[in-house]
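Here is what each chain is made of, one letter per residue.
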Amino acid sequence: EDQVTQSPEALRLQEGESSSLNCSYTVSGLRGLFWYRQDPGKGPEFLFTLYSAGEEKEKERLKATLTKKESFLHITAPKPEDSATYLCAVQARGGSYIPTFGRGTSLIVHP
Amino acid sequence: EAGVTQFPSHSVIEKGQTVTLRCDPISGHDNLYWYRRVMGKEIKFLLHFVKESKQDESGMPNNRFLAERTGGTYSTLKVQPAELEDSGVYFCASSQLRTGELFFGEGSRLTVL
């Protein structure tokens, strides 16, 4: 069974204080790893797809990286508007291709 | 372009009652998914439609849950009779291709008293 574990569960940062979120996964052949952002009362919003170890994707202050066992979401010089829950999901090769989600990391950035 | 819309946004019902949630996917998206998030837990898969056909309903908790997708357009998820443990946020998502890049609605929060 595919498993996704995210850490930490919650993270508080000061504005400008860079940090990383972790997503560890167990899957029988990775087809894709996905990062989402979820604001309170909203649905998850897609951010990135990573397909193979060594791959990196960037968007504004966010950079996602991938190894064979985990992914990191690096947040550089965060701003209060980056406050949200960040979700990681994996999709396995074969089978039904249904994405499996982790519990997320709740990020709060203080001004 | 309109996103995924869900209705109602919040429903409060008594145990034993029936509730029907509706999802309108993005036009042209053949793939439609239902997920559920119970407080403190991860978003869990319920079922997947391709057009009007159920491709995978392995995540449906039990036979009190019934999902339909009429004509490959909107979908409904009926819970009958509702139990306390059915409380949570029900998300609908759609995609054009069978990838992990899903477009989510804002969710329907269900509270069963």
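Shown above is the structure to which this text applies.
Rules of the game
Residues numbered from 1 in each chain as written. Chains lettered and ligands numbered in written order. Predicted model: local features only at pLDDT ≥ 70, side-chain atom pairs only at ≥ 80, totals over all residues. Heavy atoms only, no water. Helix = DSSP H or I, 4+ residues; strand = E, 2+ residues; numbered from the N terminus. Rg over C-alpha atoms; globule rule 2.2 N^0.38 Å. Areas by Shrake-Rupley, 256 points an atom, 1.4 Å probe, with all protein chains shown as cover. Lys, Arg positive; Asp, Glu negative; His and termini not counted. Charge placed at Lys NZ, Arg CZ, Asp CG, Glu CD. Pairing = 2+ DSSP bridges. Axes fitted to C-alpha atoms, helices over the stretch in contact; angles between N-to-C directions. Contact = heavy atoms within 4.5 Å. Buried area = accessible area lost by both parts, 1.4 Å probe. Salt bridge = Lys/Arg side-chain N within 4 Å of Asp/Glu carboxyl O. Disulfide = S-S within 2.5 Å. Buried < 20%, exposed > 50% of the residue type's maximum accessible area, 1.4 Å probe, protein only.

Student: Where do I start with the overall build of chain A in this structure?
Tutor: The number of helices and strands found in chain A is zero helices and 11 strands. When its helices and strands are written in sequence order, chain A yields β-β-β-β-β-β-β-β-β-β-β. Whereas a compact globule of 111 residues would reach a radius of gyration of roughly 13 Å, chain A reaches 14 Å, a difference of no more than 12%. The C-alpha extent of chain A, read off along each of the three principal axes, is 45 × 30 × 20 Å. Here chain A displays about 5500 Å² of accessible surface, and carbon together with sulfur accounts for 47% of that area. Across chain A, the mean location of the 13 positive side-chain charges is 4 Å away from that of the 14 negative side-chain charges.

Student: Sorry if this is basic, but what is going on with the sheet that holds strand 8 (residues 75–79) of chain B here?
Tutor: By way of backbone hydrogen bonds, the strands of a sheet pair with one another, either parallel or antiparallel. All names here are of chain B. With antiparallel pairing, the four strands of this open sheet are ordered in space as 1-3-8-7. In the strand order of this sheet, the two ends are held by strand 1 (5–7) and strand 7 (65–69), each with one partner. In this sheet, adjacent strand axes meet at a mean angle of 15° when their direction is disregarded. In terms of strand pairing, strand 1 meets strand 3 (residues 19–24) through three bridges, oriented antiparallel.

Student: Help me understand the interface of chain A and chain B in this model?
Tutor: Many descriptions give the size of an interface as the accessible area lost when the pieces come together. Listed as interface residues are 20 residues of chain A and, on the opposing side, 19 residues of chain B. Of all residues in chain A, the largest losses of buried area upon contact with chain B belong to Ile98, Phe101 and Arg103 of chain A, amounting jointly to 34% of the total for that side. On the surface where chain A and chain B come into contact, there are two salt bridges. As a salt-bridge pair, Arg103 of chain A and Glu42 of chain B come within 3.3 Å of each other at their nearest N and O atoms.

Student: Whenever I open this one, the state of the cysteines confuses me. Can you help?
Tutor: Simply put, disulfide is the name for a covalent bond between the sulfur atoms of two cysteines. Residue and element names in this part refer to chain A. Enumeration over the complete set of coordinates arrives at two disulfides over all chains. The disulfide partner of Cys23 is Cys88, and the S-S distance across this bridge is 2.0 Å. The disulfide joining Cys23 to Cys88 has a torsion of about -65° about its S-S bond and is therefore left-handed. Of the two residues, Cys23 sits in strand 3 (residues 19–26) while Cys88 sits in strand 9 (residues 84–92), which places them 65 residues apart along the sequence.

Student: Would you mind showing me how to read the side chain of His29 of chain B here?
Tutor: Residue and element names in this part refer to chain B. On the secondary structure map, His29 appears in the loop between strand 3 and strand 4 (31–37). Under the relative-accessibility criterion, His29 is labelled buried at 9%. Ignoring sequence-local partners within four residues, the contact set of His29 consists of Arg69, Ser94, Ser95, Gln96 and Phe103.

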